[in-house]
Amino acid sequence: MGRSSRPFRTILGVLLIGAFAGIRPAAARGTDGSWEAGAYYFITHPDQESKIQDVNGGGLRVGWYRKATQEFELDYDSGSKIDSIRLPGVTFDVSKLSALYVRNYQPKGHDNLSPILLFGLGQISINNGTKTSDEFLLRAGGGFKYFFSPHVAARFDASIFSWYGDGDTVPLTRLYAFDTNVGISILFGGKK
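Residues numbered from 1 in each chain as written. Predicted model: local features only at pLDDT ≥ 70, side-chain atom pairs only at ≥ 80, totals over all residues. Heavy atoms only, no water.

(A) Highlighting the pairing of strand β7 (residues 152–164). The pairing of strand β6 (residues 132–149) with β7 spans twelve bridges and is classified as antiparallel. Bridge pairing in β7 links Lys145 to Arg155. As consecutive antiparallel partners, β6 and β7 are separated by two residues. Alignment of β7 against strand β8 (residues 174–188), held across 13 bridges, turns out to be antiparallel. When the sheet's bridge partners are listed, Tyr164 is paired in β8 with Arg174. (Pairing = 2+ DSSP bridges. Helix = DSSP H or I, 4+ residues; strand = E, 2+ residues; numbered from the N terminus.)

Quick look at the structure:
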């Protein structure tokens, strides 16, 4: 694309910014008994001891609001063909399943922004092509949801999780990783 597309991109950018600037606060968040479903892109940065390079992939989440501030959530994500740091030719497939408690905050004057804290546990599966390791993990983090409409939100969260290696696919030691997720969430059901 050359110079001729520059005005088109500028006009499109101005229209999008104007459209989002004109949005009234959504006055939306989960309510008692509502559900949230979404998809996200993630990047996980394991510590060097794990022998695994950064993991990129996609994931799905579903959550149920016990109350407007308390959500129980299941997350599943997966990344494949991740290179080893120390072993040439070895690749890893990594997936995580997490059960999380998500605390949603509702700051006054910011109806379309909802900060969150999350805590939970789950399982991390690491396959090096010859063996699979399924290990228990602990996870904690935080982030925010930004509501564009009463039922649609962008979500960003980051967390740290830890697990013990099995000694075969990854070293037999406590391992840590930093995880970032960017995605979209859709709310449905619950009280009006």
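(B) Structural context of the environment of Lys145. Looking at the secondary structure, you find Lys145 in strand β6. Dropping the residues within four chain positions of it, Lys145 is found in contact with Glu36, Tyr65, Glu71, Asn104, Asn112, Leu113, Ser114, Ile116, Ala153, Ala154 and Arg155. Within the structure, the side chain of Lys145 is placed 3.0 Å from the side chain of Glu71, a separation counted as a polar contact. Within the local environment of Lys145, its side chain forms a polar contact with the side chain of Asn104, the two groups lying 3.1 Å apart. (Contact = heavy atoms within 4.5 Å. Polar contact = N/O pair within 3.5 Å; in protein donor to acceptor, adjacent residues only side chain to side chain.)

(C) Spatial organisation of the sheet that holds β8. As summarised here, the arrangement of the eight strands in space is β1-β2-β3-β4-β5-β6-β7-β8, forming a closed barrel in which the pairing is antiparallel. Put simply, the sheet's adjacent strands are angled 25° from each other on average, direction ignored. Pairing between strand β4 (residues 91–104) and strand β5 (residues 113–127): twelve bridges, direction antiparallel. Along β5, the bridge assignment pairs Ser98 with Gly122. (Axes fitted to C-alpha atoms, helices over the stretch in contact; angles between N-to-C directions.)

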